[in-house]
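Architecture and fold: a report
Below, each chain spelled out in residue letters.
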Amino acid sequence: MYELTLASSIVELVRSEQRAHARGLPRRISVRVGEFSGVDPETLRSGVEALVRETDLAGMKLEIEKVPHRRQCPTCRREYDASPWDPRCPECGDTHTVLTSGNELDVRVLESQP
């Protein structure tokens, strides 16, 4: 399960930051997940929750921001919400569009208690 591996990496990142900065217990972590990334946000959430259950991180809140699949047309410069199955520009029909968002998997915020 890909999401469990990612969840484990997120928990390890939290632990690493906790050791490096001695800020106390993390209370919130914010992650951005693109809809084209292949990651199921709820499965990721379940994985993190399972890994921190009954640990000192059990109270940590995981926030997941879902990032839409967006593309830009190099011909007419239009940026638009796209279907994963059809990259065509809705304005001019060009098929050589560029992915601008939707494949992210980023940790954005790690907030600790004082």
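Each remark here, short or long, concerns the structure printed above.
Residue numbers here run from 1 along each chain, matching the order of that chain's written sequence. Selection of residues for local features in this predicted model requires a pLDDT of at least 70, selection of side-chain atom pairs for listing and counting requires 80 or more, and totals for whole chains, interfaces and linings are taken over all residues. Hydrogens are left out, water is left out, and the side-chain values use all remaining heavy atoms of the structure.

1. Some thoughts on the nonpolar core
Counted only if it meets this: The definition of a nonpolar core used throughout is a set of buried Ala, Val, Leu, Ile, Met, Phe, Trp, Tyr and Cys residues joined through side-chain atoms within 4.5 Å. When accessible area is computed with a 1.4 Å probe and restricted to protein chains, residues below 20% of their type maximum are described as buried, those above 50% as exposed, and intermediate ones as partly exposed. Strands here are runs of E lasting at least two residues and helices are runs of H or I lasting at least four, both read from the DSSP assignment and numbered beginning at the N terminus. Whether two residues are in contact is decided by their heavy atoms: any pair within 4.5 Å suffices.
Ranked by size, the top nonpolar core spans 16 residues in total, and within it I29, V31, V33, L44, V48, M60 and L62 carry the most contacts. Put simply, the parts of the chain that give this core at least two residues each are α1 (2-21), β1 (26-34), α2 (41-52) and β2 (61-67). Looking at which element gives the most residues to this core, the answer is α1, with five residues. Setting aside residues no more than four positions away along its own chain, V33 makes contact with V39, P41, L44, I64, E65, K66, V67, E104 and L105.

2. Re the packing of α1 against α2
Helix packing geometry: the angle between the two helix axes and the distance between the axes. What counts here: Axis lines are fitted through C-alpha atoms, for helices just across the contact stretch, and the angle between N-to-C directions can take any value from 0 to 180 degrees. Reported orientations rely on four angle classes, namely roughly parallel under 35 degrees, roughly antiparallel over 145, roughly perpendicular from 65 to 115, and oblique for the rest. For a crossing to be left-handed, the near helix must be turned anticlockwise from the far one by less than a right angle; the clockwise case is right-handed. Residue type decides the class: Asp, Glu, Lys and Arg count as charged, Ala, Val, Leu, Ile, Met, Phe, Trp, Tyr, Cys and Pro as nonpolar, and the leftover types, Gly among them, as polar.
Packing of α1 against α2 leaves a shortest axis separation of 8 Å and a crossing angle of 50°. Taken together, the axes of α1 and α2 lie oblique to each other. Of the two elements, α1 crosses α2, and the hand of that crossing is right-handed. Across from E3, L4, L6, A7, S8, I10 and V11 in α1, the residues of α2 making contact are T43, L44, G47, V48, L51 and V52. Class assignment of the residues belonging to the contact of α1 with α2 gives a composition of nine nonpolar, three polar and one charged.

3. Looking at the side chain of Q18
The following threshold applies: Under the rule applied, a polar contact is a pair of N or O atoms within 3.5 Å (in protein, one hydrogen donor and one hydrogen acceptor; residues adjacent in sequence only if both atoms are side-chain atoms).
Within the secondary structure layout, Q18 lies in helix α1. The class for Q18 is buried, based on a relative accessible area of 18%. Within the structure, Q18 has its side chain in polar contact with the side chain of R15 (distance 3.1 Å).

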